[in-house]
Amino acid sequence: DAPPDKENSEPFVQVAGLMHEAGVRAPQVLAWDESQGFLLLDDLGARTMLDGIQPAHPDANLPRYQQAIDALVRWQLASRPGVLPPYDAALLQRELQLFPDWYLGKHRGVQLSDKQRAVIDQAFACIVENNLSSAQVFVHRDFMPRNLMLTDDATLGVLDFQDAVYGPITYDI
């Protein structure tokens, strides 16, 4: 239930289709009433990869991480330009800005000096330049164990992909 005046479901539907085309398990859109904002999806279950991680037995987790990397590589191999929005300098800069604005300023109550701000700005400029010069692929933007589902058929399902973009190959890993 995603009322169109509050949320645009089109990116979710588009990326779900792209994931299926790439051979990546994601919720299948069984029906979509776009005008009313209703989607009927198949269910990937309630258990995330994070739930299945065994902290006391790190070696036991390796197969799951390998599955996750395999899914990510399938997603990246299906990439093509012009399909998803670009992960451009403006978007990269907006996301980097969360660190000084939200984490340091609001969460930690830290005010940066001009010198500290200059150091961060210089680092951010290097990060943006590096990312924009990297090979470009489909980027999930939140590819982590909380968004990977342990399904009944032992495959990993992928969630929270509606903000996917076309950007640096190293971002998701």
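Residues numbered from 1 in each chain as written. Predicted model: local features only at pLDDT ≥ 70, side-chain atom pairs only at ≥ 80, totals over all residues. Heavy atoms only, no water.

Draft legend 1. Representation of the overall build of the protein chain. Looking only at helices and strands, the protein chain features 6 helices and 6 strands. Each helix and strand of the protein chain, ordered N terminal to C terminal, gives the series α-β-β-α-α-α-α-α-β-β-β-β. Along the three orthogonal principal directions, the C-alpha set of the protein chain runs to about 55 × 50 × 35 Å. Taking all 173 residues of the protein chain together, 33% fall into the buried category. (Helix = DSSP H or I, 4+ residues; strand = E, 2+ residues; numbered from the N terminus. Buried < 20%, exposed > 50% of the residue type's maximum accessible area, 1.4 Å probe, protein only.)

Draft legend 2. Inspection of the packing of aromatic side chains at higher detail. According to the stated counting rule, one finds 6 aromatic pairs in the structure shown. Ring geometry for Phe 12 and Phe 161: centres 4.7 Å apart, planes at 25 degrees, overall stacked. With Phe 12 in helix H1 (residues 10-22) and Phe 161 in the loop between strand E5 (156-158) and strand E6 (165-168), the pair connects residues that are 149 residues apart, well separated along the chain. Each member of the pair, Phe 12 together with Phe 161, is buried. The interplanar angle of 15 degrees and the centroid separation of 5.8 Å between the aromatic rings of Phe 99 and Tyr 103 together place this pair among those described as stacked. Linking Phe 99 with Tyr 103, this pair stays in helix H5 (residues 98-107), spanning 4 residues, or about one helical turn. Under the relative-accessibility criterion, Phe 99 is labelled partly exposed at 39%. Given the relative accessible area of 33%, Tyr 103 is considered partly exposed. In textbook terms, an aromatic cluster arises when at least three aromatic residues are bridged by ring pairs, as seen for Trp 75, Phe 138 and Tyr 166. Over the ring of Tyr 87 we find Arg 141; its NZ or CZ atom is 5.5 Å from the centre of that ring. (Phe/Tyr/Trp six-rings, centres within 6.5 Å; stacked < 30°, edge-to-face > 60°. Lys NZ or Arg CZ within 6 Å of the ring centre and 35° of its normal.)

Draft legend 3. How the structure looks around the pairing of strand E2 (residues 38-41). In this sheet, E2 lies alongside strand E1 (residues 29-33) in antiparallel orientation, the contact comprising 4 bridges. The residue bridging Trp 32 from the neighbouring strand is Leu 39, located in E2. Taken together, E1 and the strand that follows it, E2, pair antiparallel across an intervening segment of 4 residues, in which Gly 37 is found at a positive phi of about 80 degrees. (Pairing = 2+ DSSP bridges.)

Draft legend 4. Representation of the nonpolar core within the structure. Membership of the largest hydrophobic core comes to 23 residues, with the highest contact counts inside it found for Val 15, Met 19, Val 24, Trp 75, Leu 84, Val 158 and Phe 161. Of all elements in the fold, only H1, helix H3 (62-77), strand E4 (148-150) and E5 reach the threshold of two or more residues within this core. No other element matches the 6 residues that H1 contributes to this core. Apart from residues lying up to four places away in sequence, Leu 84 is in contact with Gln 14, Val 15, Leu 18, Trp 75, Phe 138, Ala 164, Val 165 and Tyr 166. (Core = buried A, V, L, I, M, F, W, Y, C linked by side-chain atoms within 4.5 Å. Contact = heavy atoms within 4.5 Å.)

Draft legend 5. Local environment of the side chain of Thr 151. Secondary-structure assignment places Thr 151 in the loop between E4 and E5. A relative accessible area of 9% means that Thr 151 is categorised as buried. At 2.6 Å, the side chain of Thr 151 and the side chain of Asp 153 are in polar contact. At a separation of 2.8 Å, a polar atom in the side chain of Thr 151 contacts the main-chain carbonyl oxygen of Thr 155. In contact with Thr 151, not counting residues within four places along its chain, are Arg 25, Leu 44 and Gly 157. (Polar contact = N/O pair within 3.5 Å; in protein donor to acceptor, adjacent residues only side chain to side chain.)

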